[in-house]
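# Structure assessment
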Amino acid sequence: MRPSSPLLAALSRSRPSRLKKPAVSLDHFIQRQRVLAFWREIVRALNKIPPSSTRDELHTYARQEFERHRNLTDLQHIRYLLSTGKAEFETMRRYIDEQATG
């Protein structure tokens with residue numbers, strides 16, 4: 001059904017201002033992409049482990065860490081967490097590689 005006036009058409013397309021999210025900076029956008037890429041890297045690595053309670057626990061731990069910091073906006077803190085998370089993941093990856101091959 002088409003609105004009969006241009007005003008109604010404009011109103012039907014726009015979202016109420018309370019639902020709009022504020023625009024993020026380019027730096028925030030880039031860090032978000034890096035965090036999402038890191039999450040995908042973790043999930044792919046965990047999927048190499050045969051189904052087990054260990055795999056489930058590692059996935060749960062990783063998810064909880066990401067969820068805990070989900071609403072963080074301080075770029076320095078995000079970079080710090082990403083850096084320490086990658087270092088921790090490298091340690092975990094050695095264990096994952098042992099589990100996947102053994």
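Residues numbered from 1 in each chain as written. Predicted model: local features only at pLDDT ≥ 70, side-chain atom pairs only at ≥ 80, totals over all residues. Heavy atoms only, no water.

## Re a nonpolar patch on the surface
As a reminder of what qualifies: Residues qualify for a patch when their relative accessible area is over 30% and they have no salt bridge, like charges being joined within 9 Å and the nonpolar side chains of Val, Leu, Ile, Met, Phe, Trp and Tyr within 5 Å. The protein chains shown are the only cover counted for residues, whose accessible areas, like all others here, come from Shrake-Rupley with a 1.4 Å probe. What counts as a salt bridge is simple: a side-chain nitrogen of Lys or Arg found within 4 Å of a carboxyl oxygen of Asp or Glu. Where helices and strands are cited, they refer to DSSP runs of H or I of at least four residues and of E of at least two residues respectively, numbered from the N terminus. We call a residue buried when its accessible area falls under 20% of the maximum for its residue type, exposed when it is over 50%, and partly exposed in between, using a 1.4 Å probe and counting protein chains only.
A cluster of nonpolar side chains, contributed by V24, L26, F29 and I30, occupies part of the molecular surface with about 390 Å² of accessible area. Tracing the chain through its elements places I30 in helix α2 (residues 26–46). By relative accessible area, I30 is classed as partly exposed at 32%.

## A short note on the nonpolar core
Note the following rule: By convention a nonpolar core is built from buried Ala, Val, Leu, Ile, Met, Phe, Trp, Tyr and Cys residues, the set being connected through side-chain atoms within 4.5 Å. Any two residues whose heavy atoms approach within 4.5 Å are treated as being in contact.
Counting residues in each nonpolar core, the largest one holds 11 residues, listed as F38, I42, A45, L46, I49, L58, A62, L82, F89, M92 and I96. For this core, the secondary-structure elements that each account for two or more residues are α2, α3 (53–68) and α4 (75–101). Among all residues touching L46, those that are not within four sequence positions of it are R55, L58, H59 and I96.

## Some thoughts on the pattern of salt bridges
Taken as a whole and assessed by the stated rule, the structure comprises 5 salt bridges. Measuring nitrogen to oxygen at the nearest pair gives 3.0 Å for the salt bridge that ties E67 to R70. The class for R70 is exposed, based on a relative accessible area of 57%. A cluster of three or more residues bridged by salt bridges with shared partners is formed by E41, E90 and R93.

## What about the layout of surface pockets?
Where we set the bar: Cavity: a set of points on a 1 Å grid over the protein atoms alone where a 1.4 Å probe fits but cannot get out. Pocket: an open set with protein on both sides within 12 Å along at least five of seven lines, its lining residues, like those of a cavity, having an atom within 4 Å of a point. Grid points are joined across faces, edges and corners, and a volume is the space filled by probe spheres set on the points. Polarity classes work like this: nonpolar for Ala, Val, Leu, Ile, Met, Phe, Trp, Tyr, Cys and Pro, charged for Asp, Glu, Lys and Arg, and polar for all others, with Gly in that last group.
Put simply, the largest pocket is a space of about 1,200 Å³. Along the wall of the largest pocket there are 32 residues; nearest its centre are V35, F66, H69, R70 and N71. At the level of elements, α2, α3 and α4 are the ones that each hand at least two residues to the lining of the largest pocket. Per-class residue counts for the lining of the largest pocket are 17 nonpolar, 8 polar and 7 charged.

## Observations regarding the packing of aromatic side chains
Using the following cut-off: Each aromatic pair joins two rings of Phe, Tyr and Trp (for Trp, the six-membered one) with centres within 6.5 Å, and gets the label stacked for planes under 30 degrees apart, edge-to-face for over 60, and tilted for any other angle.
Following the criterion strictly, the structure yields 3 aromatic pairs and no others. With centroids separated by 6.0 Å and ring planes inclined at 40 degrees, the aromatic side chains of F38 and F66 adopt a geometry described as tilted. In this pair, F38 sits in helix α2 while F66 sits in helix α3, placing the two residues 28 residues apart along the sequence. Overall, F38 belongs to the buried group, its relative accessible area being 5%. Owing to a relative accessible area of 24%, F66 belongs among the partly exposed residues under this scheme.

## So, the side chain of Q31
The topology assignment puts Q31 in helix α2. Overall, the relative accessible area of 4% leaves Q31 in the buried class. Beyond its immediate stretch of four places on either side in the chain, Q31 contacts L75, I78, R79 and L82.

## A few points about α2
Condition: The span expected for a helix works out to 1.5 Å for each residue beyond the first. To obtain the arc, one takes the directions from the helix axis to the C-beta atoms.
End to end, α2 covers 30 Å across 21 residues, agreeing with the expected 30 Å (1.5 Å per residue, within 8%). All of the buried residues in α2 are Q31, F38, I42, A45 and L46. When α2 is viewed along its axis, its buried side chains cluster within an angular range of 100 degrees and face the same direction. Of the exposed residues in α2, the ones pointing more than 90 degrees away from its buried face are L26, R32 and R44.

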